[in-house]
Amino acid sequence: MKQRRNAFDKLNTLFFGKDLRITEGDAYTREREYDYSSYCPVEKYISPQEIPTDKAYFITDFGAVPDDKTIDNAPAINACIDACAKNGGGFAVISGGVFSSKTVILKSNVTLFVQSELAAFESGEGFQKMALIYADGCENIGLTGGGVINGNGHLFGRKPLLDKNVTEPDEYIDVINMRRVYRAQLRFPHPSKYGRLVCLENCENITVNNIVLKDSAHWTLRLTKCNNADIQNLVINNNRHVCNTDGIDLMQTGNVEIKHCFLSCADDGIVLKNAVWEGCDGAMENVRVSDCEIISCTNAFKIGTETTYPIKNILVENCRFLMTDLYPGSVSGVSIESVDGSEVSGVTVKNIEMSRCTCPIFIRLGNRNRAAEVNAQSASAVEFGKKAKGRGIDKSTFDMKGELSDVTVENVNATGVELPVIIAGFRQRGRTKRVKNVTLKNVNLEYRNAKEVVDKRLFIPEYAAEYPECWRFRNLPAYAIWARHAENIRVENFSCKPAPDTWKEEFIFDDVKGISRG
C-alpha cells in the first residue's frame, strides 16, 4: 500500500461503492477468533437474581425439557406464559439449563424471567413474526432474570470473503480500503436466517433489566410504535460479523430510558428510526441514553437512516463509544441523519469518550427519499428477501421535506480518529437545504498515528440521494471539521491533533452561513 494513488488506483476508486456482498454458498457456522469482543464486562452490568416467590410459573411444569437441541420448547414456554397471563400476570421462569425454542409470544402483565438460557432453535425453521421473542399490543411486559437469551446468529450467515478477521490497522489512513476490509469480513445472510432476537410492537410499559442478549441473527432488540420503555443493566454481545445485527432499534417509540448498558454489535449500537415503510405513522420523542458502553462496527449511536416522520428531544450523555480488537474501527461515534424526509431536531450529545471511531461526529441532511420507491430494498428486505412495505405513498410526500436542526455536541474526547467532524446539507435539483443550528463545544480529537492517503479531488459530490455514511465522502481535504451547506454553526473550544504530516486544511466551511468560533 502506498500514500499516493497512481492512475490505476484512481480508476479503482470509481468502484468505491461496489458491494462485496456474498450471495451464494452454504451456511457458515464456525465462530472465529475476534468475532466477539475481547472486552465484555458482563459482571459490571449483570447480577445474579433470585427467582420470585410470588406469581412464578415454571416452564418445566408445562413440559419444557432442558439441554436438548432437538426439542422445540416454544409450546411449553408459551403455555406457561398463557397460564401466567390468565391468572393476572407474574413471571414465566426459565431456569435449570439451556432451553431450545422457536418463537416465544409474550402477553400483557407477564415478565419472562430467564435465570439460565433460552436459545434459538438451530434449524431456523418454524419461527413466527421473524423473531425469537415477540409481543404485539401488550402492556406491562418485561425481560429479566440475570440469564442469557441466545439467538445463535452465527449459524445463519454465509462465509465471509476473508478467511480470518482483521485486527491490524493499515499502514495509511484510507477510507476506501477501510470499507472494503469491513465488508469482506461480514457474514451476509443465508436463507435459513429466521429473524430478530426480540421484537416488540405496539406495546406499552416495557421493562428490560438485568439480562444478556447474545448472538442475534438480525436486529437484537426492536421496539416499534411502543411507549414508555425502561432498559437498564442490559448486555448485548453479538457476533460482530453477522450482517445487520444492530443492538437496540427504536422505531416511533417514545419516552424511553436506556441506562447502564453494554452493547457489542456488528451494526449500529443504538439507532432511532421512524419510517413509513416500517409501519410508522407519527412522531417519536423523548429518548434518553446514559452511562452506556457501545462497541459497534458501524455507528455507536445513530439517528437514521430510515426516517420519514419527526424525531425530537433526544439526549445522549455520559457514554463511552469504542472499538476493541478489530480493523477498521467504528464507522462513526455519533451519526445524526435525516435523508428520507424526517424533521430531526432537539438532539443533545454530551460527555462522551470515544476510541477508534473513524468519524467522531457525522451530521447529515440528504434527500434519498426512499418512501418514493416503497419497493426498494430496505435493511429488512435485503436480509429476508422481501420487498419493503408499500403504503401507497405519493413520491412527493416526503421529497425535499427533511430538516435537521438544533444539535448540540459538547464535552467529547476522541482518540484514534481517521476522519473530521462532518456537517453536510445538500444541493439537489437546483435547491439547497442546510443543516441548521449546530453547536460543537469542548471537543478534543486526536488522529490515529498514521499517515493519510493523498486523495485530492477537483470536487466532492453531493451524494444527496445515496445511503448516508461518513465513509461515502472518502478522505476529505479537512482534518478537524468539514462542513458544507449549513447555517448557524457555533464552534467553541475545539481542538484536533492531526495525523502526521497531514496534507489537509484544519477547517473547511463551504457554503456555510453564519459561523461562530471561539
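Residues numbered from 1 in each chain as written. Predicted model: local features only at pLDDT ≥ 70, side-chain atom pairs only at ≥ 80, totals over all residues. Heavy atoms only, no water.

**Q** Break down the packing of aromatic side chains for me, citing the residues and quoting the values.
**A** Per the counting criterion, the structure on display carries 13 aromatic pairs. Centroid distance phenylalanine 507 to phenylalanine 509: 6.1 Å. Interplanar angle 15°. Geometry classified as stacked. For phenylalanine 509, a relative accessible area of 23% puts it in the partly exposed group. Site record: aromatic cluster; members linked through ring pairs are Phe362, Tyr463, Phe473 and Trp482. Its end group placed over the ring of tyrosine 39, arginine 320 keeps NZ or CZ at 5.6 Å from the ring centre. Stacked on the ring of phenylalanine 507, the Lys or Arg arginine 517 has its end atom at 4.2 Å from the ring centre. (Phe/Tyr/Trp six-rings, centres within 6.5 Å; stacked < 30°, edge-to-face > 60°. Buried < 20%, exposed > 50% of the residue type's maximum accessible area, 1.4 Å probe, protein only. Lys NZ or Arg CZ within 6 Å of the ring centre and 35° of its normal.)

**Q** Lay out the pairing of strand β5 (residues 110–114) in plain terms, naming residues and giving numbers.
**A** Across the five residues of β5, five count as buried, placing the element largely inside the fold. Side chains Val110, Leu112 and Val114 of β5 all project onto a buried face; the interleaved residues Thr111 and Phe113 project onto the opposite face, where all are buried too. Alignment of strand β2 (residues 90–94) against β5, held across five bridges, turns out to be parallel. What sits directly across from valine 93, in β5, is phenylalanine 113. As defined by bridge partners, β5 adjoins strand β8 (residues 139–144) across three bridges and the pair is classed as parallel. Of the residues in β8, the one forming a bridge with leucine 112 is leucine 143. (Helix = DSSP H or I, 4+ residues; strand = E, 2+ residues; numbered from the N terminus. Pairing = 2+ DSSP bridges.)

**Q** Tell me about the pattern of salt bridges, and please be specific about residues and values.
**A** As enumerated under the stated definition, the model contains 26 salt bridges in all. With a shortest N-O distance of 3.7 Å, glutamate 343 and lysine 312 are connected by a salt bridge. Taken as a pair, glutamate 343 in strand β22 (residues 343–355) and lysine 312 in strand β20 (residues 311–322) lie far apart in primary sequence, 31 residues in all. What makes glutamate 343 partly exposed here is its relative accessible area of 32%. Of the charged contacts in the structure, one is a salt bridge between lysine 433 and glutamate 403, with a shortest N-O distance of 3.0 Å. (Salt bridge = Lys/Arg side-chain N within 4 Å of Asp/Glu carboxyl O.)

**Q** Give a description of helix α4 (residues 175–184) that names residues and reports values.
**A** With eight of ten residues buried, α4 is to be regarded as a mostly interior element. Among all positions of α4, only Val175, Ile176, Met178, Arg179, Val181, Tyr182, Arg183 and Ala184 are buried. Along its buried surface, α4 packs onto β23 (357–365). (Contact = heavy atoms within 4.5 Å.)

**Q** Can you break down the pairing of strand β15 (residues 254–265) residue by residue, with the values?
**A** Along any regular strand, the residues point their side chains to alternate faces of the sheet. Among the twelve residues of β15, nine are classified as buried, and the element is accordingly described as predominantly covered. Note: strand β13 (residues 227–237) against β15, nine bridges, orientation parallel. For leucine 234, the partnering residue across the bridge sits in β15 and is cysteine 261. Note that β15 and strand β17 (residues 284–290) share four bridges and pair parallel. Looking at β17, one finds that lysine 259 is bridged to serine 290. With four bridges connecting them, β15 and strand β18 (residues 293–296) associate as parallel partners. Opposite cysteine 265, over in β18, you have serine 296 as the bridge partner.

**Q** Describe the nonpolar core, naming the residues involved and giving the relevant values.
**A** In terms of nonpolar packing, the biggest core is built from 145 residues, with Phe321 and Phe494 touching the most fellow members. Among the elements that make up this core, the one with the highest residue count is strand β29 (residues 478–497) (eleven residues). Not counting residues within four places of it along the chain, the set of residues in contact with phenylalanine 494 comprises Val421, Leu440, Val443, Leu445, Ala480, Ile481 and Phe507. Counting residues in hydrophobic clusters, the runner-up holds nine residues, among them Met251, Ala275, Cys280 and Tyr309. (Core = buried A, V, L, I, M, F, W, Y, C linked by side-chain atoms within 4.5 Å.)

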